[in-house]
Amino acid sequence: MEEEQKTRITIDIYGQTYTIIGTDSSAHVRQVATLVDDRMRELSMHNPYLDTTKVAVLTAVNSVHDYLKLQTEKELLEKELKKLKG
């Protein structure tokens, strides 16, 4: 079995540097890092009293919330598509 090529990329999120190793493209990893960084900065801007850990946890909670909403929407759309196909 052929193993996927792993890449190593250094990113910055909320003033911290991280090295990510994985099979996703560098562009994808950078996009994810940018979205996380943007969300953390937005939360921090609206809640300047929060420390970094709380900003990170709230970012994770918001991201999982969004993911679950999209998952539910996807399932509903798949059911609708199945109905339309007969």
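Structure: see above.
The following paragraphs examine the structure supplied in this document. (Residues numbered from 1 in each chain as written. Predicted model: local features only at pLDDT ≥ 70, side-chain atom pairs only at ≥ 80, totals over all residues. Heavy atoms only, no water.)

With respect to the pairing of strand β2 (residues 16–22)
Examined bridge by bridge, strand β1 (residues 7–13) and β2 share seven bridges and lie antiparallel to one another. Looking at the pairing, Ile11 lines up with Tyr18 of β2. Between the antiparallel neighbours β1 and β2 lie two residues, among them Tyr14 with a positive phi of about 55°. (Pairing = 2+ DSSP bridges. Helix = DSSP H or I, 4+ residues; strand = E, 2+ residues; numbered from the N terminus.)

Notes on a nonpolar patch on the surface
Taken together, the side chains of Val64, Tyr67 and Leu68 make up a nonpolar region of the molecular surface, amounting to roughly 310 Å² of accessible area. Relative to the elements of secondary structure, Tyr67 occurs in helix α2 (residues 52–85). (Patch = residues over 30% accessible without salt bridge, like charges linked within 9 Å, V, L, I, M, F, W, Y side chains within 5 Å. Areas by Shrake-Rupley, 256 points an atom, 1.4 Å probe, with all protein chains shown as cover. Salt bridge = Lys/Arg side-chain N within 4 Å of Asp/Glu carboxyl O.)

Focus: the nonpolar core
Listed in full, the 10 residues of the largest apolar core are Ile9, Ile11, Ile13, Tyr14, Val29, Ala33, Met40, Leu43, Leu50 and Val55. Every element with two or more residues in this core is listed here: β1 and α1 (26–46). Top contributing element to this core by residue count: α1, with four residues. Residues in contact with Ile9, not counting those within four places in the same chain, are Tyr18, Thr19, Ile20, Ser26, Val29 and Arg30. (Core = buried A, V, L, I, M, F, W, Y, C linked by side-chain atoms within 4.5 Å. Buried < 20%, exposed > 50% of the residue type's maximum accessible area, 1.4 Å probe, protein only. Contact = heavy atoms within 4.5 Å.)

Section: the environment of Tyr49
Considering the arrangement of structural elements, one finds Tyr49 in the loop between α1 and α2. Sequence-wise, Tyr49 and Thr10 are 39 residues apart; in three dimensions their C-alpha atoms are separated by 29 Å.

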